[in-house]
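# Chains, contacts and geometry: an overview
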Amino acid sequence: MIRKKGYAESDGEHIEGALGIGAPTFNSSGKVHGCIGLSGIKSETFVTNKFQYLNEVLRGAEEISRLLI
């Protein structure tokens, strides 16, 4: 699912009341090197701004991937 969507989401998976968004980073060979993520307390603000947060996480993952040699 992560490869298809390009990111992962978590809703209370490990900690009740927590939400998370994460995206993989890739090295110069195209292999997964790590990830960048954001987590927060499940709230109306987090849910309302989720797509803005997701865009920032994806942008950060792309930038980090470009910098990895």
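For the structure given in this document, a descriptive report is provided here.

Rules and cut-offs
Residues numbered from 1 in each chain as written. Predicted model: local features only at pLDDT ≥ 70, side-chain atom pairs only at ≥ 80, totals over all residues. Heavy atoms only, no water. Salt bridge = Lys/Arg side-chain N within 4 Å of Asp/Glu carboxyl O. Helix = DSSP H or I, 4+ residues; strand = E, 2+ residues; numbered from the N terminus. Phe/Tyr/Trp six-rings, centres within 6.5 Å; stacked < 30°, edge-to-face > 60°. Buried < 20%, exposed > 50% of the residue type's maximum accessible area, 1.4 Å probe, protein only. Lys NZ or Arg CZ within 6 Å of the ring centre and 35° of its normal. Pairing = 2+ DSSP bridges. Axes fitted to C-alpha atoms, helices over the stretch in contact; angles between N-to-C directions. Contact = heavy atoms within 4.5 Å. Expected span 1.5 Å × (residues − 1). Arc of directions from axis to C-beta.

## A word on the pattern of salt bridges
A pair can form between side chains of opposite charge whenever their charged atoms are brought close. Scanning all chains against the criterion turns up 4 salt bridges. The salt bridge involving Lys50 is made with Glu9; its shortest N-O contact spans 2.6 Å. You can see Lys50 sitting in helix α3 (residues 50-67) and its partner Glu9 sitting in strand β1 (residues 8-11), a full 41 residues away along the chain. Note that Lys42 is salt-bridged to Asp11, the shortest N-O span being 3.3 Å. You can see Lys42 sitting in the loop between β3 (32-41) and α2 (44-48) and its partner Asp11 sitting in strand β1, a full 31 residues away along the chain. Via salt bridges that share partners, Lys5, Glu9 and Lys50 belong to a single interconnected network.

## Examining the packing of aromatic side chains
Here the structure, examined in full by the defined rule, presents 1 aromatic pair. Aromatic side chains Phe46 and Tyr53 sit 5.3 Å apart centroid to centroid with 55° between the ring planes, which places their arrangement in the tilted category. Residue class for Tyr53 comes out partly exposed when judged on its relative accessible area of 24%. Over the ring of Phe51 we find Lys50; its NZ or CZ atom is 5.5 Å from the centre of that ring.

## Observations regarding the sheet that holds β3
Strand order in this open sheet of 3 strands is β1-β2-β3, and the pairing throughout is antiparallel. Every interior strand has two partners, whereas the edge strands, β1 and β3, have only one. Along the sheet, successive strands turn relative to each other by an average axial angle of 20°, direction set aside. Bridge analysis of strand β2 (residues 18-26) against β3 gives 9 bridges, and the strand direction is antiparallel. Counted as the bridge partner of Phe26 is Val32 from β3. In the packing of α3 onto the sheet, the strands contacted are β1, β2 and β3, and the crossing angle to β2 comes to about 25°.

## Observations regarding α3
Taking 1.5 Å per residue as the helical rise, α3 with its 18 residues ought to reach 26 Å, and the 26 Å between its terminal C-alpha atoms agrees with that figure. Those residues of α3 that sit buried are Leu54, Val57, Gly60, Ala61 and Ser65. Looking down the long axis of α3, one finds its buried residues gathered within 135° of arc, a one-sided arrangement. Opposite the buried face of α3, by more than 90 degrees, sit the exposed residues Phe51, Glu62, Arg66 and Leu67. Contacts from the buried residues of α3 go to β2 and β3.

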